[in-house]
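Each chain, written out:
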Amino acid sequence: MKKMFVSILMATIMIMGFTGGSADAASKATAKSGVYITTHNTNVRADAGTAHRKVFTLKKGTRVNLTHQKYAGKQLWYKVKINGKKGYVLSSLLKKSTGKAVASSTPAKSSSGVVKTAMNLRGIPYRFGGTTTRGFDCSGFIQYSFKKNGKSVARTTTGQYKQSAKIKSPRPGDLVFFHNTYRRGISHVGIYVGNNKFVHAGGRKSEVVSLSNPYWKSKFNSFRRI
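Residues numbered from 1 in each chain as written. Predicted model: local features only at pLDDT ≥ 70, side-chain atom pairs only at ≥ 80, totals over all residues. Heavy atoms only, no water.

Caption draft 1: Summary view of the packing of aromatic side chains. Tallied over the full model, the rule gives eleven aromatic pairs. Centre to centre, the rings of Phe-136 and Phe-141 are 5.8 Å apart; their planes meet at 85 degrees, and the pair counts as edge-to-face. Across the pair, exposure class does not vary: Phe-136 and Phe-141 are buried alike. Within the aromatic cluster, the residues linked to one another by ring pairs are Phe-178, Tyr-192, Phe-198, Tyr-215, Trp-216, Phe-220 and Phe-223. The ring centre of Phe-56 lies 5.4 Å from the NZ or CZ of Lys-85, which sits over that ring. The ring of Tyr-161 is capped by Arg-224, whose NZ or CZ atom sits 3.9 Å from the centre of that ring. (Phe/Tyr/Trp six-rings, centres within 6.5 Å; stacked < 30°, edge-to-face > 60°. Buried < 20%, exposed > 50% of the residue type's maximum accessible area, 1.4 Å probe, protein only. Lys NZ or Arg CZ within 6 Å of the ring centre and 35° of its normal.)

Caption draft 2: View of the pairing of strand E11 (residues 175-179). With respect to burial, E11 is a largely interior element, four of its five residues being buried. Sheet topology places E11 next to strand E12 (residues 186-194); five bridges connect them, and they run antiparallel. Across the sheet, residue Val-176 finds its bridge partner in E12, namely Gly-190. Note that E11 and strand E15 (residues 220-225) share four bridges and pair antiparallel. Pairing of Val-176 across the sheet is with Phe-223, part of E15. (Helix = DSSP H or I, 4+ residues; strand = E, 2+ residues; numbered from the N terminus. Pairing = 2+ DSSP bridges.)

Caption draft 3: Examining the nonpolar core more closely. If you look at the biggest cluster of nonpolar residues, it comprises 20 residues, and the most contacted ones within it are Phe-141, Ile-142, Phe-146, Leu-175 and Ile-191. By size, the runner-up hydrophobic cluster in this structure holds twelve residues, among which are Val-44, Phe-56, Tyr-78 and Val-89. (Core = buried A, V, L, I, M, F, W, Y, C linked by side-chain atoms within 4.5 Å.)

Caption draft 4: Structural context of the sheet that holds strand E14 (residues 205-210). Ordered in space as E10-E15-E11-E12-E13-E14, the six strands form an open sheet in which the pairing is antiparallel. Only two strands of the sheet have a single partner each, and these edge strands are strand E10 (165-167) and E14. Averaged over all adjacent pairs, the angle separating strand axes in this sheet is 40 degrees, with direction ignored. With three bridges joining them, E10 and E15 adopt antiparallel strand pairing. Considered in E15, the bridge of Lys-166 is made with Arg-224. Here helix H4 (residues 138-147) sits on the sheet and contacts E11, E12, strand E13 (197-202) and E14; the angle it forms with E12, its principal contact strand, is near 45 degrees. (Axes fitted to C-alpha atoms, helices over the stretch in contact; angles between N-to-C directions. Contact = heavy atoms within 4.5 Å.)

Caption draft 5: Quick look at unusual backbone geometry. A positive phi angle, close to 55 degrees, is found at Asn-180, a residue other than glycine. Inspection of the secondary structure assignment puts Asn-180 in the loop between E11 and E12.

Caption draft 6: Up close: the layout of surface pockets. Size it by volume and the second largest pocket reaches roughly 280 Å³. In this structure, the second largest pocket is lined by 18 residues; those nearest its centre are Tyr-126, Phe-128, Cys-138, Tyr-182 and Ser-187. Of all the secondary-structure elements, those providing two or more residues to the lining of the second largest pocket are H4, E12, E13 and helix H6 (214-219). Of the residues that constitute the lining of the second largest pocket, the class distribution is seven nonpolar, eight polar and three charged. (1 Å grid on protein atoms, 1.4 Å probe; cavity = no way out; pocket = protein on both sides within 12 Å on 5 of 7 lines; lining within 4 Å. Points joined across faces, edges and corners; volume = space filled by probe spheres on them. Nonpolar A, V, L, I, M, F, W, Y, C, P; charged D, E, K, R; others polar.)

Caption draft 7: Quick look at the pattern of salt bridges. Tallying each qualifying case throughout the model produces three salt bridges. Of the charged contacts in the structure, one is a salt bridge between Asp-47 and Lys-70, with a shortest N-O distance of 2.9 Å. Separated by 23 residues along the polypeptide, Asp-47 in the loop between strand E2 (42-45) and strand E3 (54-58) and Lys-70 in strand E4 (residues 63-72) bring together distant segments of the chain. Here Lys-70 falls in the buried class, since its relative accessible area comes to 12%. As a salt-bridge pair, Arg-155 and Asp-137 come within 3.0 Å of each other at their nearest N and O atoms. Here Arg-155, found in the loop between H4 and helix H5 (157-163), pairs with Asp-137, found in the loop between strand E9 (135-136) and H4; they are 18 residues apart in sequence, far enough to count as distant. Overall, Arg-155 belongs to the partly exposed group, its relative accessible area being 27%. (Salt bridge = Lys/Arg side-chain N within 4 Å of Asp/Glu carboxyl O.)

Below is the structure:
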């Protein structure tokens with residue numbers, strides 16, 4: 001009887017070893033919300049822990065939404081969501097997004113460069129789905145202007161809206177969002193250039209428009225900063 005008990009005990013220990021019964025096993029995910037920013041170029045993994053495959057990489061300064069948290073051993077991992085993609089990031093590689101952090105994440109030099117690039121694109125024809133100097137749509141215009149100044153932004157208007165943070169006092173280089181133009185909800189975006197004006201790809205070509213324009217004033221949603 002004693003011999004049988006020892007055999008059962010040894011088998012149980014071996015099974016625990018093979019099935020992850022150790023202290024390093026990942027815990028169950030629990031809900032966690034908030035907007036965070038990556039502090040380094042960051043690998044996003046399929047699950048909590050470095051043993052899991054890398055699904056994509058985020059650049060330093062990228063804003064993400066949290067959905068869950070999970071421990072892998074003693075390490076805390078956050079499940080993040082950005083542009084429809086999901087995965088786990090080590091918590092120490094993220095910091096809580098605040099208005100101050102967002103404001104300081106876009107240096108004045110970079111902002112002025114975005115405005116200069118955008119202003120040089122005036123006169124280029126509007127083209128739905130356009131992302132090049134042969135023709136731009138509104139979000140393609142934004143993406144191109146920021147990319148030329150070393151910043152990666154989402155391709156779509158709604159993606160750019162989610163990637164940015166709302167601000168009260170805009171400065172040149174910030175984004176201006178509009179709603180209920182050709183569709184319900186967030187549907188248009190431009191770049192604020194100062195003096196209550198913005199530059200955008202709209203109508204027949206890329207141009208500067210006043211925010212006092214009755215149409216755009218009625219469609220204004222918010223100023224936001226990447």
